[in-house]
Structures are given as structure tokens and as C-alpha cells.
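A structural walkthrough
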There are 2 protein chains.
Amino acid sequence: MNNLSIVFIGAGNLGSNLAKALFRRGGNIVQVYSRTEQSAASLAGAVNASYTTSLSEVVSDADLYIVSLKDGPFMQLLPQIVAGKRRDALFVHTAGSVPMNAWKGYVENYGVLYPLQTFSKQREVDFSELTIFLEASSSENLDLLKSLASRLSEHIRFADSEQRRRLHLAAVFACNFSNHMYTLASELVQRSGLPFEVLLPLIDETARKVHVLHPLQSQTGPAVRFDTNVIQAHLDMLKDTPDMQQIYELISKNIHQYHK
Amino acid sequence: MNNLSIVFIGAGNLGSNLAKALFRRGGNIVQVYSRTEQSAASLAGAVNASYTTSLSEVVSDADLYIVSLKDGPFMQLLPQIVAGKRRDALFVHTAGSVPMNAWKGYVENYGVLYPLQTFSKQREVDFSELTIFLEASSSENLDLLKSLASRLSEHIRFADSEQRRRLHLAAVFACNFSNHMYTLASELVQRSGLPFEVLLPLIDETARKVHVLHPLQSQTGPAVRFDTNVIQAHLDMLKDTPDMQQIYELISKNIHQYHK
């Protein structure tokens, strides 16, 4: 891996975290592309690489191109990304929802490297804890991705495109939606004149608990015990915020469905 | 506190955890009441107390009665709970949504001891990490509850009934609803043929992240970046589970509202 020259296409949350983690493990990142100069320059500085904001200036002789773009732009820019590159270069994307075969017909060697995690630029993620899901167009390419990924984490699994898109959907519920529940909770706790931080031990225990109890077993609260007094009182308290009221009602009903 | 004789009315998730935590810190629990013999006997055994399944057999001369019942039964059983007890006994409940004044007119000394946490019988909670919210009918009673609660946690706050009911509502979102998102995620990940455990690092990081970034800042995923390709693909994947599809759509829209 130390010898592979790597280009990052995209310097968003995932791309930035992955590039920095690879750099810290000796990865040789030669160039970063981002449409946004600030993102490109900032990541390039952190991983000791050059940068460009023009796809036509991406170096053509790298060994590995790692593409972390939103799904729409990725599909749109794909012909430009592959144009003029070495025939034996390996191309991977990092998207949960894009099938590996998006590369098919464009390049000979391709694959997917999907680290299952929530990434923000403001926070560096410990890759050693997470699982990296791999898929590749040949067993040689898979071996290459395995050796790359194994520098970052001991937890490496194979997932085909169908598994990966289901996994991505599950991740939206487990991460994005639970985080939005924290957002709504923070708004509610502010209304009580208390700081968001009073909820942290509760948030932590809720997450810790599902390491030892399945979430169906660990569920508590008014919806699972069908405490209609409390549920109705809560719906009344939310009458000025109908969106939140609708979310409360829908999820409570669904919890009850799962537990009755 | 070591001298206070304590009766627990209710041996549910919260009552059981609280009684065990007090017992471990030298609390003198003399009796446990539960409608269910198994619950009463099991908790009584764990805290070296006697038990009863009849409210009329609850001892009348305890110093402190701690009531942990569902809101409905609590209001209904209140007259029986207080009947014949010592005039100077202190009565507290542990419910987020029941105002302290539910006791008013029934007894002279009363209050609320509300540990903000998710409790299951299968898992003992570390009280030292959580915040205990107190309210009492007099400063003397508040001092007594403070000295009791301070055996369990250094994090003790005052919350009046209005703050507490808002806090409880916030907790439903932060804990019960985020846990239900884990449940839905577990169902989805099973459909991909992968174990629920692959989601744990993601769940952990989502919870850890809000210690350093406000949940509004830590949000990631298709809804916040308004990636309509992915959102539509996910809705299509959920067409056979319309409840889950509705939850996906409603929360995604709400995330977008908060971040646009």
C-alpha cells in the first residue's frame, strides 16, 4: 500500500476522513480533487498532496482513484473521472447506494470501499473500530482493497451491491434518524430551561444497551408500555409544533405495533 | 439515609434499578410492593426486604415511601397508598410526567425523585453517571431527598413539575425513539443477511458525536445533504413496509426542514 499512488476525487465528510486515515497509516496520496477550492486545498494540505478543482487536471498515472461524491454528481462525472487514466488503474467509490457495476464499461478494474460510519469534517473518526465493506471486479482487485483496508481496520467484510444498499438504508435509521431524534430532544429540553447535556447519559446508555440487549428488548417508555395517559399528555404538549407531534404519534404507534 | 426505612411501591424497571442502587449504597429497604408476586419477590430478594402484593399490607411506619408505578395506576391507587401511614412519612414518586402536586391534599410531606435514564430489569444502570432531578414540598424534604440522591450520583438538579414533564418528553425522543430507529435498522440489516452488530460502531459514534457537536451540526446522510436520488431509492426499497416508508419520509422531510 505504501507504494500505491492514490488520488481522492471528492473532499467531503467521508473522503476527508478516509484520506486522512490512509495518510496517517502511510498512504501515498498524490492529489485531491474537489469542485470547491477550499475543500480541495484543506484536505490536500492535511495529507501532503497537490490539489485541483478541475477534473481534467487530475493526474492520469495514479494506481488507485478513490471517488467520494454524492450519488448524482458521481454518475454524471463518471465519464470525466475515468477519461485518459491508466488502463490498469483501480477505481473505487465509497457510496452505500451506488452499485459496483456503475463502473462497468468505463474501466477494467473497479470496486467499492464502504466504511460504515457517520463522518463529519469537524471530527476525525477512529477507523480501527468500524467495519469496512468491500466489493471488487476481480479477486486480485479484492485482495488489493483488502490489504489497503486492513491498514485501517481489522473489521473487513465483503458485501455485494445489494447488501450494501440495504446496509446503507439501515444506517440511515440507526444513525441519521436517531441523530435527528437527538435534535428534536435538544429543542424540547431547551424549552424546559435545561441544557442539552443533561440528556447525554441517557443517549449514551441507550446506545450502550443495544450491545447487550436487542433493541426490541431494550425498548422502554410510554409507547412500549402503552401508557395512553402519558402519550396523550405528550401529544398535547406538542400541539404548537405539528411536525414534531406527527413524528411523535407515528413512531409511538409503530413502537406499539412492534411490541404488542 | 442509613437509618431511613424505605418502602418501594412498584417493582418495575425504574423501581427495581433504583431500589438495588440504594441497597448497594446502604439503603434500608424494608418492604417491596408489586401487584405481581414474581416482581415483588424477585426485587425483595435482591434488596433483603419483605414483600407484599397487597397495598393494605404495606407497613405503615416507614420513613420514606418511593412510588414507581405507571401514571394511570399511580393516580388510581394513590388513596390506598397513603391510607394509614405515619403522618410525618415522606412520599415520593419517580414519574417524569406526574406533577408533584398529585400528592397534595393526601399527605403532608412529599416530593419527586426522577432519575433521567432508561431502565430495564435485565441490565443494572450506573446511577453515578446520570442526573437525578428533585422536587419537594418543603426545603426540609428537599434536603432529605438531596442527601438520599447524593449517595447515588453527584449530578443532582432541581426541576419543577413543568420542567420535568418537558424533560420527560425530550427523553422519549432522545431515548425511546432513537432506540426504535435501532429496531427498524436491525430489521433492515437482517434483510441484507448481515448481523445487527455491524451497526454498533455507527450507533456508538452517533451517540459520542453529540458530546462534542450539537446534533444539528453532527447530522449526516441523504436527508441533510438533500440527496434526492438516494432518498427516492430508499423509499422504493421500503414499498413493502409502508409504515417504515412513512417514517422514513416524515423524518427525512423534517431533517431537511431543520437544515435548509
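Quick note: structure is the one above.
Reading guide: rules and limits
Residues numbered from 1 in each chain as written. Chains lettered and ligands numbered in written order. Predicted model: local features only at pLDDT ≥ 70, side-chain atom pairs only at ≥ 80, totals over all residues. Heavy atoms only, no water. Helix = DSSP H or I, 4+ residues; strand = E, 2+ residues; numbered from the N terminus. Buried < 20%, exposed > 50% of the residue type's maximum accessible area, 1.4 Å probe, protein only. Contact = heavy atoms within 4.5 Å. Areas by Shrake-Rupley, 256 points an atom, 1.4 Å probe, with all protein chains shown as cover. Lys, Arg positive; Asp, Glu negative; His and termini not counted. Charge placed at Lys NZ, Arg CZ, Asp CG, Glu CD. Polar contact = N/O pair within 3.5 Å; in protein donor to acceptor, adjacent residues only side chain to side chain. Pairing = 2+ DSSP bridges. Axes fitted to C-alpha atoms, helices over the stretch in contact; angles between N-to-C directions. Salt bridge = Lys/Arg side-chain N within 4 Å of Asp/Glu carboxyl O. Buried area = accessible area lost by both parts, 1.4 Å probe. Phe/Tyr/Trp six-rings, centres within 6.5 Å; stacked < 30°, edge-to-face > 60°. Least-squares fit on C-alpha atoms with pLDDT ≥ 70 in both. Core = buried A, V, L, I, M, F, W, Y, C linked by side-chain atoms within 4.5 Å. Parallel < 35°, antiparallel > 145°, perpendicular 65-115°, else oblique. Left-handed = near helix turned anticlockwise from the far one by under 90°. Nonpolar A, V, L, I, M, F, W, Y, C, P; charged D, E, K, R; others polar.

What follows deals with the overall build of chain A. What chain A contains, in helices and strands, is nine helices and eight strands. Counting only C-alpha atoms and orienting by the principal axes, one finds that chain A spans roughly 65 × 35 × 30 Å. Counting the 260 residues in chain A, one finds 59% classified as buried. Relative to all contacts within chain A whose residues are 6 or more apart in sequence, the contacts with residues 24 or more apart total 55%. Accessible area of chain A: about 10,400 Å², with a carbon and sulfur share of 46%. Separation between the mean location of the 24 positive side-chain charges and that of the 25 negative ones in chain A comes to 2 Å.

The next thing to look at is the side chain of B:E135. All names here are of chain B. Mapping E135 onto the fold places it in strand 7 (residues 132-136). The exposure class assigned to E135 is buried, which follows from its relative accessible area of 8%. A distance of 2.7 Å separates the side chain of E135 from the side chain of R164, its partner in a polar contact.

To continue, consider the sheet that holds strand 1 (residues 5-9) of chain A. All names here are of chain A. Strand order in this open sheet of eight strands is 3-2-1-4-5-6-7-8, and the pairing throughout is mixed. Whereas interior strands pair on both sides, the edge strands pair on one side only; in this sheet they are strand 3 (50-52) and strand 8 (156-158). Pairwise comparison of adjacent strand axes, ignoring direction, gives a mean angle of 25° for this sheet. Of the pairings in the sheet, the one linking strand 1 to strand 2 (residues 28-33) comprises five bridges and is parallel in character.

As a further point, take the pattern of salt bridges. Two side chains of opposite charge can pair, provided their charged atoms sit close to one another. In this structure the tally under the stated criterion is 24 salt bridges over all chains. For B:R208, the salt bridge goes to B:E205, with nearest N and O atoms at 3.1 Å. With B:R208 and B:E205 both in helix 6 (residues 200-209) and three residues apart, the pair spans about one turn of that helix. Put simply, A:R123, A:E129, B:E205 and B:R208 are held in one network by salt bridges that share partners.

What follows concerns the environment of A:D63. Residue and element names in this part refer to chain A. Along the chain, D63 turns up in the loop between strand 3 and strand 4 (64-67). Considered as a pair, D63 and F196 are 133 residues apart in the sequence and their alpha carbons are 47 Å apart. In terms of polar contacts, D63 uses its side chain to reach the side chain of R86, at 2.7 Å.

Contact with chain A, which involves 92 residues of that partner, is made by 92 residues of chain B. Here chain A packs against chain B, burying approximately 9,300 Å² in sum over the two surfaces, 65% of which is carbon and sulfur. Across the contact surface, chain A and chain B share four salt bridges. A salt bridge links B:E205 to A:R123; the shortest N-O distance between them is 2.7 Å.

Residues and elements named next belong to chain A. The phi dihedral of N48 falls on the positive side, at around 60°, and the residue is not glycine. Position of N48 relative to the elements: it lies in the loop between helix 2 (37-46) and strand 3. You will see that F226, though not glycine, has its phi angle at about 45°, which is positive. Here F226 falls in the partly exposed class, since its relative accessible area comes to 45%.

Our next topic: the packing of aromatic side chains. Taken as a whole, this structure holds 14 aromatic pairs over all chains when the rule is applied. Aromatic pair A:F74 and A:W103: ring centres 5.2 Å apart, planes at 70°, arrangement edge-to-face. Of this pair, A:F74 sits in helix 3 (residues 71-82) while A:W103 sits in the loop between strand 5 (90-93) and strand 6 (109-115), and the two are 29 residues apart along the sequence. One exposure class covers both A:F74 and A:W103, and it is buried. Ring geometry for A:F177 and B:Y248: centres 5.2 Å apart, planes at 65°, overall edge-to-face. Remark: B:Y248 occurs in helix 9 (residues 242-259) and A:F177 occurs in helix 5 (residues 161-191); the pair is interchain, linking two chains. For the pair formed by A:F177 and B:Y248, the shared burial category is buried. An aromatic cluster of three or more residues is present, and its members are A:Y65, A:F74, A:F91 and A:W103.

Our focus in this paragraph is the relation of the copies chain A and chain B. Superposing chain A onto chain B takes a rotation of 180° plus a shift of 0.0 Å along the axis, which leaves an RMSD of 0.0 Å. Classification of the inter-copy transformation places it as that of a two-fold axis. Residue A:S178 of chain A places its C-alpha closer to the rotation axis than any other residue of that unit, at 2.2 Å. Most of the interface of chain A is mirrored in chain B: 100% of its interface residues are interface residues there too.

Let's shift gears to the nonpolar core. Core analysis: the biggest nonpolar cluster contains 124 residues, and A:F173, A:L199, B:F173 and B:L199 have the highest contact counts within it. If near-sequence neighbours (up to four positions away) are discounted, B:F173 is found in contact with A:M181, A:L184, A:A185, A:L188, A:L238, A:M244, A:I247, A:Y248 and B:S178.

Attention now goes to the sheet that holds strand 5 (residues 90-93) of chain B. Residue and element names in this part refer to chain B. The strand order across the open sheet formed by eight strands is 3-2-1-4-5-6-7-8, and the pairing between neighbours is mixed. Looking at strand neighbours, the two that pair on one side only are strand 3 (50-52) and strand 8 (156-158), the edges of this open sheet. When strand polarity is set aside, the average angle formed by the axes of neighbouring strands in this sheet is 25°. Pairing between strand 2 (residues 28-33) and strand 3: three bridges, direction parallel. Looking at strand 3, one finds that V32 is bridged to Y51. Across the sheet, helix 2 (residues 37-46) lies against strand 2 and strand 3, angled at about 165° from strand 3, the strand it touches most. Those strands touched by helix 3 (residues 71-82) are strand 1 (5-9), strand 4 (64-67) and strand 5, and its axis lies near 165° from that of strand 5.

This part covers the packing of helix 5 of chain A against helix 6 of chain B. Remark: helix 5 of chain A packs on helix 6 of chain B, axes separated minimally by 9 Å, with the N-to-C direction vectors making an angle of 20°. For the element pair helix 5 of chain A / helix 6 of chain B, the angle class is roughly parallel. Where helix 5 of chain A crosses over helix 6 of chain B, the handedness of that crossing is right-handed. Note on element contacts: helix 6 of chain B touches helix 5 of chain A through B:L202, B:I203, B:T206 and B:A207, opposite A:A171, A:A174, A:C175, A:S178, A:N179 and A:Y182. The class makeup of the residues in the contact of helix 5 of chain A with helix 6 of chain B is seven nonpolar, three polar and no charged.

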